[in-house]
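Residue-level structure breakdown
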Amino acid sequence: MNKPTPAEQICTKFAESLTKGTFARLVLSAPVAAGDTPQKVLGRFIMLKGVPHLSLTLRYATRDVTKNLPVAEGAAWLRGQLDQQFHSALLCTTSRDWQYISNAAGEARLIDHRPSAKKTPSREHDQRHAGILDASARDWLQGLDVLDVAGQVRISMADKHRQINHYLEILTHLAKECGWIGAPGDRPAPALVLADMGCGKGYLTFGIWHLFRRVWQRPVRVIGVETRAELVAKTNKLVCQIGAEGLEFVSGAIESVRLPPVDALIALHACNTATDDALRRGIELGAKLIVVAPCCHRELRPQFGKPAPLAPVLRHGVMEERLAEWVTDGLRALFLEWAGYRTKVMEFVGSEHTPKNLMIAAVRERDGFTDAGARQRIEDLKAYFRIERHALDVLLAPAAVR
Ligand SMILES: C[S@@+](CC[C@H](N)C(=O)[O-])C[C@H]1O[C@@H](n2cnc3c(N)ncnc32)[C@H](O)[C@@H]1O
């Protein structure tokens, strides 16, 4: 019989540690592919409704995604990850630690070490830390009816609660990239100015304020902009009730409201080209960080040419609609790159919650409108789909000639 390979050996050790109860943790690292793939996977053992599971945290550059797997599927799952997704795996058990390392040439080895864990971690699911929305967020979450009077998440608001939390996790990653959090310096951090355009009931606006002011204790001015005056009155009332210093809501339109220079500008689910207005304002107001989650996309579809060989597929309305969304948002990312930003396009919430789940995050890295190649990429994509005009062509024209 052939000697088991290092990959087979670590999978066997992994399965044994799960059944014998010696498993402490698993870490997969050194991803095989670049791009929007997890950089790391962290695995721990949990009990979910009395059933043993492996809880996996997939750590992407800007977000974490959690998956739970019945332990019986653990070894087969790990075998599929080794060499296909990751070159390195660390299995920690209470008896021994095992380090698996492979390379692109297919060579692999398994090294064992003294165990780093003397006992197994708690198996309870909800030892998880309360997250960003801890007890200190209770006042505004109750004020927005996300929590009930007892401080419990309302069943009807569970998705919203998860969405706010997830969104704040993404912002945490982005704020780190912008150098806004991290090791405390010896000088007090200057107040940041953040604008939330088309903020609606203010869930995310209160969330950002909470993150900067209460979690990171940074001086901050957060401005929520909303056309509907009744919503602005309501959110400002809540600001007064909870004494949310540095948070304000103003009644106005994304395209024209008076704003100071901002450090970050966000716009989630602003309709149609209101997202483009928000992008233009962010660029003009000098935002280091711009985050948008586009809503409906009506601008490009009527202009859309149907280049062969796509034409027979695009006669299906839904396919044309999806492609129009894809091109609209793809062009938005290219425009931001031309304006000097590094962009990432990612899923913001699971598609089971809303199909409007694409997020474009952009961090300014250089002067804008100088890279002819970046401009050419916009023109090439437009030409391919025979698009005459994208809202950002017009909106960014004045900024581009300055
Ligand atoms: C779909 S809601 C999203 C609310 C919030 N951003 C969120 O994600 O929870 C869109 C909001 O944007 C507001 N809105 C739409 N166009 C706007 C504009 N041009 N200027 C200001 N607010 C606008 C609407 O009144 C609405 O409250």
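Residues numbered from 1 in each chain as written. Predicted model: local features only at pLDDT ≥ 70, side-chain atom pairs only at ≥ 80, totals over all residues. Heavy atoms only, no water.

Turning next to the packing of helix α1 (residues 6–20) against helix α2 (residues 74–81). At their nearest, the axes of α1 and α2 sit 9 Å apart, and the two run at 150° to each other. As summarised for this structure, α1 and α2 are arranged roughly antiparallel, according to the angle between their axes. Considering only the axes of α1 and α2, their crossing is right-handed. Between α1, through Ala7, Glu8, Ile10, Cys11, Phe14 and Ala15, and α2, the contact on the second element is made entirely by Gly74, Ala75, Leu78 and Arg79. Across the contact of α1 with α2, the residue classes break down as seven nonpolar, one polar and two charged. (Axes fitted to C-alpha atoms, helices over the stretch in contact; angles between N-to-C directions. Helix = DSSP H or I, 4+ residues; strand = E, 2+ residues; numbered from the N terminus. Parallel < 35°, antiparallel > 145°, perpendicular 65-115°, else oblique. Left-handed = near helix turned anticlockwise from the far one by under 90°. Contact = heavy atoms within 4.5 Å. Nonpolar A, V, L, I, M, F, W, Y, C, P; charged D, E, K, R; others polar.)

The next thing to look at is the site of the ligand. Around the ligand sit 13 residues, and of these Gly198, Glu226, Ile254, Glu255 and Leu268 come closest. The contact in question runs from a nitrogen atom of the ligand to an N or O atom on the backbone of Gly198, over 2.8 Å. Glu255 is positioned such that a nitrogen or oxygen atom in its side chain is 3.1 Å from a nitrogen atom of the ligand. Here the ligand, which alone exposes 600 Å², has 78% of that area covered by the protein. (Near = heavy atom within 4 Å. Polar contact = N/O pair within 3.5 Å; in protein donor to acceptor, adjacent residues only side chain to side chain. Areas by Shrake-Rupley, 256 points an atom, 1.4 Å probe, with all protein chains shown as cover.)

Now for the pattern of salt bridges. As enumerated under the stated definition, the model contains 19 salt bridges in all. Members of the salt-bridge network, linked through shared partners, are Glu177, Arg342, Lys344 and Glu365. (Salt bridge = Lys/Arg side-chain N within 4 Å of Asp/Glu carboxyl O.)

A word on the packing of helix α4 (residues 158–177) against helix α5 (residues 203–215). Between α4 and α5, whose axes approach to 10 Å, the crossing angle comes to 45°. Classed by the angle they form, the pair α4 and α5 counts as oblique. At the point where α4 passes α5, the crossing takes the right-handed sense. Each of Lys160, Ile164, Tyr167, Leu168, Leu171, Thr172 and Ala175 in α4 lies in contact with α5, whose residues at this interface are Tyr203, Leu204, Gly207, Ile208, Leu211 and Phe212. Per-class residue counts for the contact of α4 with α5 are ten nonpolar, two polar and one charged.

Here we take up the domain arrangement of the chain. With domains assigned, the chain is organised as domain 1 (6–127) and domain 2 (135–401). Computed over C-alpha atoms, the centres of domain 1 and domain 2 are 35 Å apart. For the domain 1 and domain 2 pair, buried surface summed over both sides reaches about 570 Å², with 57% attributable to carbon and sulfur atoms. Counting across the domain 1 and domain 2 interface gives zero salt bridges. Put simply, domain 1 and domain 2 have zero residue pairs in polar contact (both at pLDDT 80 or more) between them. Of the residues assigned to the side of domain 1 that touches domain 2, the class counts are one nonpolar, one polar and two charged. (Domains from an automatic or database assignment. Buried area = accessible area lost by both parts, 1.4 Å probe.)

Quick look at the packing of aromatic side chains now. Aromatic rings considered in pairs are described by the distance between their centres and by the relative angle of their planes. Under the counting rule described, the total for this entry stands at eight aromatic pairs. Taken together, a centroid distance of 6.1 Å and an interplanar angle of 15° make the contact between Trp140 and Phe206 stacked. A residue pair is termed long-range when its members are at least 10 positions apart, and Trp140 in helix α3 (residues 138–143) and Phe206 in helix α5 qualify at 66 residues. Looking at Trp140, the relative accessible area reads 0%, which means it is buried. In textbook terms, an aromatic cluster arises when at least three aromatic residues are bridged by ring pairs, as seen for Trp140, Phe206 and Phe249. Across from the ring centre of Trp338, 4.5 Å away, lies the NZ or CZ of Arg375, which sits over that ring. (Phe/Tyr/Trp six-rings, centres within 6.5 Å; stacked < 30°, edge-to-face > 60°. Buried < 20%, exposed > 50% of the residue type's maximum accessible area, 1.4 Å probe, protein only. Lys NZ or Arg CZ within 6 Å of the ring centre and 35° of its normal.)

Mapped onto the elements of the fold, Asn165 is located in helix α4. A relative accessible area of 18% places Asn165 in the buried class. For Asn165, the contacting residues outside a window of four places in its chain are Ile132 and Leu133.

Let us now look at unusual backbone geometry. Each neighbour pair has its own omega, and for Ala308 with Pro309 the value is 0°, a cis peptide bond. With respect to the helices and strands, Pro309 occurs in the loop between β12 (289–293) and α8 (311–314). Despite not being glycine, Asp83 has its phi angle at roughly 70°, a positive value. Relative to the helices and strands, Asp83 is located in the loop between α2 and β5 (86–93).

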